[in-house]
Structure formats: structure tokens, C-alpha cells
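# Understanding the architecture of this molecule
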Amino acid sequence: MAPWSVPCYLQRFMSTVEQPASATAAPTSTRWRPLTWIAIFLALAPMFVWYLCRLWHIEHYQFYPFVGLFVAVILYQRWDRIVARPDGWFAYSLLGVALLASLVGIKAASPWLVALAVVMAAGAFLFSHRDHEGIRLLYLWPLFWLVLRLPMNRDERLINWLQRNTTELSSVVLSLLNIPHIVRGAILDLPTRELFVAEACSGIKSLFTMLFVAMALMVWKQRRMWLLPLYLVAAGVLAVLANLLRISAIAIAEYYWQWDVSTGWQHEVLGYVALVLGIGLLLSADRLFCELGAPIAADLVDDEESPITSIWNRIVSSRAAEPSYDRERDRTAATSCPVSCLVVCSLLLILTSWRTIDTPDDFHTNPRGTPPVLLEPDVAEVEAAMAPIICGNHTAARDREDPRLGVHSDLWEVEVGGQSGQIVISQPYNGWKELTHCYESVGCQLVAHKVTKRPTEAPMGDRPWISQASLQFDDGSWGLLTYAAVNARGELVRPPHAGLLSEAFARLRKITLFARPVGQTVAVQCWVVTADPPSETLKAETLTLVDNVRHSVQSQLSSEKRMASDE
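These numbers come from a predicted model, not from an experiment.

### Concerning the overall build of the protein chain
- From N to C terminus, the protein chain includes 17 helices and 10 strands.
- Going through the 567 residues of the protein chain one by one, you find that 47% of them count as buried.
- Intrachain contacts of the protein chain at a sequence separation of at least 6 include 71% that bridge at least 24 residues.
- Here the protein chain displays about 28,500 Å² of accessible surface, and carbon together with sulfur accounts for 63% of that area.

Structural data, given as C-alpha cells:
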């Protein structure tokens, strides 16, 4: 057989695994163990790679290659090189959850669910394998959860919360330094300029980086797992303090020396300095936790048989292998024939590959560059759809960074119900864009949020839905946000329902065998500011306006799609 054939590669791989001294000591079935684990992870690989590619486009998750590198180094140093079969009910339960999550992820075209399946399978693998001291490698599992994005875009909520609270804490520091300023949401108004605490300055990158450093520190120094909550809390607090230092330094430099360090290399250097300071304080906290969690020496207590001392020392004592663990027995134990496992993994590999290939092209675009314009709106057609609403001049903006207006936007000044407002067509977004998060980041408080069916005469299955939210400013004024979306294929996008649980159930209801991802979208929004709470008449008029403009956008996108297919 040729030396490059697949059996030779498998034979070379399995030859690196530690084998007993006697060639007859290990049953032949143990040679299937590496192939079993390889098949499990290979079956999930296509959609997991898709998930990692999408995750890389989110700036505060770009640390995940360091997680993989760190886990690989620890495994290389500590794994005892004995490939084990799934060990016990816990490992099989994790594999069962992984199988269920992968099947649902394939049906829902959700790479996130497949990533969850990979995390579950990794937990089963780590639980079943041990280090040189006979300790299960499960202490590496928390690192895998860092790669899993918070579900249903909850990290955007976290960013808004960090923006507001970091701005308020910075205000306290500036007040202590007698620097005049005004706080408006995530904006600091200084006498010389206005500083906006953007998403990149919210501290979200520092938070995830500090969480990774805290977990890596625990694994590297082999701390007890019960200390994990303390390390996570310390990492969160220190990340906020480090970012507070950065924002305060920007404001101080601007006020006293008119030195702009909010952009460019100065801003990057300041961020790294704050991060290094936070990591240094985390190392100090690690030393503190180590001292607080040390066993109580016998010569420090009068009663050596104190039950409290005994319980405490047992909790904080050094890690030890399970008394029943027998490395030689685990090495030579026979494994049942994995034919059923290989069949299931082969089917999963086919399904994940099919789902990845069937993904629309707009999910594989490169968002790191300037995303393309999905639609150049026909101004006359859009304004005709607004009638009889009075609209003003049209303003087109391209390559912007305003999260409320998107990278590319077209804006019209309108008058709705006697109130001045704006109609905006903004693009592109990956999937549904929850615009309320963007307005909350600039000082608005979400008061009410509902999803409305429009129009009511359409069949139940064909009713397009529109989101509408009432927000309030600190000065008591109100804002009414009405928004909807159309994807690049010209299909109306159903928004998630307001609330965490209803949003989760809404996503589960969408799961069908041939479901397609939403893809990139064009958002239509109407924003009206009023002195009093929005009336029902105003809400109804903005719903009609957004519905008409959305159908105009849908018609134009469908026409472009037909023209592209004809060509």
C-alpha cells in the first residue's frame, strides 16, 4: 500500500498513543478509540468552522485563537497520552446533548447550536481523559465556554450596559477632578468637545480578555475549581476599572492639554496599557486567593480534630486522583465496536456539510472590509410610498460608523401626526438588527416594546411583522421607534418578540427541515421625538408608513434579484 494512504496515517497517529509494554496486553478494540473521537469532532467541523468565521467578525471575540492555542499547549504538556472511551453516564449525557444540539442546529441552520454541540463533545472528551497525575482534564472545560457567544445577541445588551455604567463611573472621576462635564447616556460633554463611549470603548473587549486570562491563570497554576467564581468576579471588576482608567485619561488629556487620544495609535496604546495594568492586578488577586484558600496548619489551632478545620482542609487540599482509578486497566480495557458511532458521525458530517454549502452567499462576505450596498433605493419610488406623509430632502450617507444608521443609509425628514421625524433605510446587517440597543446606548430608556402584525387582512402565515418601541430620554421627552427589515433575497424578516423567553420560543418555532438563514438585511426605521408619551394615533401612522416603505424596498430588492438571475 502507498505510504500516503489513509490507513497509514491512522496507523501513524495511533502509534503516538502510549501502548502497553506487551503487544498482546491491549485488545485490538482499543485501537478504535482515536478514530471514534476523531469522527465525533469531524462530523461537527463544517458548521463549527462556519461559526468561527462569523465569530471572527465580532471584534470582542477575536481572542478565541488564543483559547485554542492555550488548550493545545496544556493538553500537550499534561495529557497522559492514553486515549480513553467515553467514561460513565456524565460523558454519555454530554454526547447525547451534543447530538441533539447538532441536529437542531442543522434543521435551524444555526451554527451557534453546532458550536454548543462541540463544547458538549469537548466536555465529554475532557471528562474521559486524565493528566499525568490521574486527574480528569475537565478543568479545561470552562475555557471552551468562552468561545460560545452569548445567546440571542445578549452581548449587545451587555455592551450597552457597560457603556452607560462606564460613562457614569467616569463622570464620578471627572467630578472629583473638578472637570466640568455633562453625561447624556453614553456621551460625555466636555467644554471643548463631545466624547462618545463607543462599543469599542465600552470595556467589552477588556472584559472577555480578562475572563480568558483569569481562567488560563487558574488552569496554569492548577487552582481548585471552586475558586472559579472568585476569579471571574475579580476579572470583571478589574476589566471595568481598567477601562474606567482609559476613558478618564482620554477626558483628562482633552480637557487640560487638548490632546486627542480617542483615536489612532495613541488610543490603542492607552488601551493596551490599561489592559496590562488590569492583568497585573489580576495576578495580585490570584496571590490573595491563594493565601485565603490555603489549608489551616495543625500548629495554628488548639484542637487538631476540629471538624471545621478538617472540612476546610479537605475542600482546599491539593488535587488528587480518584482512589478507584487504575491507569493500566483504563489503558487495556476493551472498547465495543464503534460501527454505530461511525455511522451516526458520517450522517452528521453529510448534513453539516450540506447545510454549510447551502448557506446563502451573503453569509460568506468579508465584513472586515466595507460591506457592499445591498440596494440603491429609488428615491422617487420610496417617496411615492410615503404619500400622503410630508417628506423633506433626501440625504444619502455611505461608509458611516453610526450604529443607529448602519454603514450605508438613506434618510428623509418627515412629518408624522404633526410631529417631526425621520425615515431611514439602513444597511447592511447580518440578520435581524435590534435597533433599540443602539438607541439605548445614547441615553434612551426602553419603556415599552411590542411586535405588531401588518396588515391585518393578510393570511395568518403571511402577515409581516413590525417592531415598535417607546423610549424615554433623561429630560423627560419621548422617542417612538418603528422598524422592520427585508433580507437580500427580497423576503420580509420576522423580528424576534420582545423579551428573552418569548424571543427564545420564537426562534424555536422557526425550526424547519429546510429553513434558510436570514442572511444580510436592509432595515427600515421611523424615529419620532415627542414631548409626551406617543399616542395610539401616532403609533398607527408610523406603522403604516414603515409598512409602505418596507414593501417598496422589498419590491426593489426582488426586482434586482430577478434581473440578476436573468443575467
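Next comes the rest of the account.
### A closer look at unusual backbone geometry
- Each neighbour pair has its own omega, and for Gln427 with Pro428 the value is -20°, a cis peptide bond.
- The topology assignment puts Pro428 in strand β6 (residues 419-430).
- You will see that Arg81, though not glycine, has its phi angle at about 65°, which is positive.
- As for its placement among the helices and strands, Arg81 is situated in the loop between α3 (64-78) and α4 (88-107).
- Here Asn178, not a glycine, exhibits a phi torsion of approximately 60°, which is positive.
- Topologically, Asn178 is positioned in the loop between α7 (154-176) and β1 (182-184).

### Some words on the packing of aromatic side chains
- One pass over the structure, following the stated rule, counts 20 aromatic pairs.
- Each member of the aromatic cluster is reached from another via a ring pair, and the members are Tyr61, Phe63, Phe70, Phe208, Phe212 and Trp220.
- Directly above the aromatic system of Phe127 lies the positively charged group of Arg136, at a separation of 4.1 Å from the ring centroid.

Criteria and thresholds
Residues numbered from 1 in each chain as written. Predicted model: local features only at pLDDT ≥ 70, side-chain atom pairs only at ≥ 80, totals over all residues. Heavy atoms only, no water. Helix = DSSP H or I, 4+ residues; strand = E, 2+ residues; numbered from the N terminus. Buried < 20%, exposed > 50% of the residue type's maximum accessible area, 1.4 Å probe, protein only. Contact = heavy atoms within 4.5 Å. Areas by Shrake-Rupley, 256 points an atom, 1.4 Å probe, with all protein chains shown as cover. Phe/Tyr/Trp six-rings, centres within 6.5 Å; stacked < 30°, edge-to-face > 60°. Lys NZ or Arg CZ within 6 Å of the ring centre and 35° of its normal.

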